[in-house]
Amino acid sequence: MENRFIDPFLPVDENGYYGTFGGAYIPEILHSNVEKLNEAFAKYADDPDFIAEYDQLLSDYVGRPTPLYYAKRLSKHYGTSIYLKREDLCHTGAHKINNAIGSVLLAKRMGKNRIIAETGAGQHGVAVATVCALMGLECIVYMGATDVARQQPNVERMKMLGAKVVPVESGNKTLKDATNEAIRDWCCNPADTFYVIGSTVGPHPYPQMVARFQSVISREIRKQLKSLTGRELPDYVVACIGGGSNAAGAFYHFLKEPSVKLIAAEAAGLGVDSGETAATIHLGKEGIIHGSRTLVMQTEDGQIVEPYSISAGLDYPGVGPLHAYLATSGRADVAAVSDREALSAAYLLTRLEGIIPALESSHALAVLDQKKFNPEDIVVINVSGRGDKDMHTYLANGNLIDD
Ligand SMILES: *Cc1c(COP(=O)(O)O)cnc(C)c1O
């Protein structure tokens with residue numbers, strides 16, 4: 001195939017394979033759509049005008065660069081040097097807006113005026129609804145009915161922004177089901193509709209494209225760490241992983257630096273072996289979900305197992321193909337963090353640093369309790385979002401914190 005965009009940092013081939021993971025497993029009706037997306041992405045990924053518009057919105061609208069903050073009291077508590085990448089300070093409160101801006105700009109270049117998206121915690125839905133308001137485009141967001149109930153503030157924000165929120169009643173009514181509905185919509189409206197996927201999942205080129213739009217995170221980390229410490233490379237980069245977009249962004253510019261250890265924190269829910277979990281990399285087997293070959297939580301006969309996590313953004317039975325590859329090839333370590341461990345890490349960060357993290361990000365912070373770091377280590381943790389949307393859950397579960 002001609003005109004493919006070959007990424008200089010990702011371990012991906014021109015057909016979107018990361019080792020044996022990835023690819024594009026899509027119904028016939030979407031072939032030409034995905035092919036046109038491939039062409040558009042190849043055309044604009046390195047286009048100076050496109051990049052200039054994207055970069056300007058990131059700085060003037062999103063508020064980038066986000067700080068890399070040396071967390072003094074947290075560092076003292078754990079006996080190591082901890083730097084927090086503050087994606088929680090992005091406009092709309094999470095890293096998702098980085099991708100939403102890039103993707104919607106691409107949609108506009110392709111002449112598509114109807115934008116659809118799926119959302120779990122609501123952060124991606126809010127980010128896409130925000131960018132659609134900014135650019136005057138129609139926006140429809142599919143969201144599992146369970147998530148609509150547990151993430152009310154974000155539902156209200158999307159509505160105020162002018163988006164139509166469609167509750168999805170199938171399956172366990174969470175992210176997987178919302179994604180199914182969004183794909184169904186895309187199949188029915190292939191001509192005028194652009195599907196903005198919120199993570200490094202879905203058929204090629206989505207995982208690669210979303211990783212690219214999030215890669216600004218690690219580009220900034222390198223520069224900021226250099227000016228703060230004199231070193232461009234940390235010893236560790238830690239990020240939580242649902243589909244994998246904030247981790248992909250935080251890892252991207254370190255993937256080819258073997259001295260930088262990468263740790264992904266996935267949601268263990270009530271425990272990896274409890275049956276109530278979203279620890280996909282620990283439990284998953286190769287299979288196909290949402291257009292991509294990856295690790296999937298499934299039964300012996302290939303039925304998808306319903307995931308569970310206290311955190312709506314991590315409650316997904318698959319994982320992006322990049323991360324399936326990084327984990328199985330040994331490039332990244334994967335921690336499984338339970339609901340209780342995540343809650344405890346959230347309270348600790350809040351009390352020591354005055355930062356209330358998103359429940360998702362709390363899973364990354366909990367790695368500090370699982371793993372002993374050395375005093376001379378530099379550990380960068382990606383704080384993917386802020387905790388406002390989770391206040392209800394934090395307050396309802398404060399009794400689980402044993403301090
Ligand atoms: C959506 C979300 C996540 C999980 O998605 P990834 O694609 O794995 O990053 C993590 N943190 C926050 C704050 C989110 O909104």
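Refer to the structure presented above.
One structure accompanies this document, and this report is about it. Chains are numbered independently. Their residues run from 1 in the order of the written sequence. For this predicted model, a pLDDT threshold of at least 70 governs which residues receive local features, and a threshold of 80 or more governs which side-chain atom pairs are given and counted, while totals over whole chains, interfaces and linings are taken from all residues. Only hydrogens and water are set aside when side-chain values are computed; all heavy atoms of the structure are taken into account.

**Focus on the packing of helix α4 (residues 96-109) against helix α5 (residues 123-135)**
So, step 1. The N-to-C vectors of α4 and α5 enclose an angle of 45 degrees; their axes lie 9 Å apart at closest approach. Accordingly, the angle class assigned to the pair α4 and α5 is oblique. As α4 runs across α5, the sense of the crossing is right-handed. Of α5, the residues touching α4 (which contributes Lys96, Ile97, Asn99, Ala100, Ile101, Val104, Leu105 and Lys108) are Gln123, His124, Ala127, Val128, Thr130, Val131 and Met135.
So, step 2. Looking at the contact of α4 with α5, its residues break down into nine nonpolar, four polar and two charged. Between N-to-C directions, angles cover 0 to 180 degrees, with each direction set by a line fitted to C-alpha atoms, over the stretch in contact for helices. Helix and strand assignments follow DSSP, with helices taken as H or I runs no shorter than four residues and strands as E runs no shorter than two, numbered in order from the N terminus. Here the word oblique covers every angle except those under 35 degrees (roughly parallel), over 145 (roughly antiparallel) and from 65 to 115 (roughly perpendicular). Crossing handedness is defined as follows: a turn of the near helix away from the far one that is anticlockwise and smaller than a right angle gives a left-handed crossing, while the clockwise case is right-handed. For this analysis, residues touch if any pair of their heavy atoms sits within 4.5 Å. Only Asp, Glu, Lys and Arg are considered charged, only Ala, Val, Leu, Ile, Met, Phe, Trp, Tyr, Cys and Pro nonpolar, and every remaining residue, Gly among them, polar.

**With respect to the site of the ligand**
So, step 1. Lining the immediate environment of the ligand, one finds 18 residues, of which Lys96, Ser199, Gly242, Ser245 and Ser384 sit closest.
So, step 2. Here an oxygen atom of the ligand sits 3.1 Å away from a polar atom, N or O, in the side chain of His95.
So, step 3. Within 3.5 Å is the distance limit for a polar contact, defined as a pair of N or O atoms, with the added protein rule that one can donate a hydrogen and the other accept it, and that residues adjacent in sequence qualify only through two side-chain atoms. Separating an oxygen atom of the ligand from a side-chain N or O atom of Lys96 is a distance of 2.8 Å.
So, step 4. Relative to its free-state accessible area of 380 Å², the ligand is covered by the protein chains to the extent of 97%.
So, step 5. Among the cavities detected, the one that contains the ligand is the largest cavity.
So, step 6. By residue class, the composition of the shell around the ligand is five nonpolar, 11 polar and two charged.
So, step 7. Both of domain 1 (31-58 + 96-210) and domain 2 (63-93 + 215-400) provide at least three residues apiece to the shell around the ligand. The rule for a residue being near a molecule or strand is that one of its heavy atoms must lie within 4 Å of it. In this description, accessible areas are obtained by the Shrake-Rupley approach with a 1.4 Å probe, and a residue is regarded as covered only by the protein chains that are shown. A 1.4 Å probe that fits but cannot get out identifies a cavity on a 1 Å grid over protein atoms alone, an open set with protein on both sides within 12 Å along at least five of seven lines counts as a pocket, and a residue lines either if it has an atom within 4 Å of a point. Whether a molecule sits in a cavity or pocket is decided by its atoms, more than half of which must lie within 2 Å of the grid points. Start and end points for every domain follow an automatic or database-based domain assignment.

**Some words on the nonpolar core**
So, step 1. Here, nonpolar core means buried Ala, Val, Leu, Ile, Met, Phe, Trp, Tyr and Cys residues that are tied together by side-chain atoms lying within 4.5 Å of each other. Only protein chains enter the accessibility calculation, which uses a 1.4 Å probe. A residue is then buried if its area is under 20% of the maximum for its type, exposed if over 50%, and partly exposed in between. Counting residues in hydrophobic clusters, the biggest one holds 96 residues, and the most contacted among them are Leu106 and Phe251.
So, step 2. Built from parts of two domains, this core gets at least three residues from each of domain 1 (31-58 + 96-210) and domain 2 (63-93 + 215-400).
So, step 3. Residues contacting Leu106, with those up to four places away along its chain left out, are Leu37, Ala40, Phe41, Tyr44, Phe50, Phe194 and Met209.

**Concerning empty space enclosed by the protein**
So, step 1. Grid points are joined across faces, edges and corners, and a volume is the space filled by probe spheres set on the points. Counted under the stated rule, the structure contains three cavities of 30 Å³ or more.
So, step 2. The volume enclosed by the largest cavity comes to roughly 370 Å³.
So, step 3. Lining of the largest cavity is provided by 32 residues; of these, Lys96, Gly198, Ser199, Gly243 and Gly313 occupy positions nearest its centre.
So, step 4. Those elements giving two or more residues to the lining of the largest cavity turn out to be β5 (114-119), α5, α8 (175-188) and α11 (245-251).
So, step 5. Of the residues belonging to the lining of the largest cavity, the class tally is nine nonpolar, 18 polar and five charged.
So, step 6. Of the residues that make up the lining of the largest cavity, three or more belong to each of domain 1 (31-58 + 96-210) and domain 2 (63-93 + 215-400).
So, step 7. Considering the residues around the second largest cavity, the lining is formed by Asn33, Lys36, Leu37, Met110, Lys112, Trp186, Thr193, Phe194 and Tyr206.

Keep in mind that these numbers describe shape and distance, not what the molecule does.
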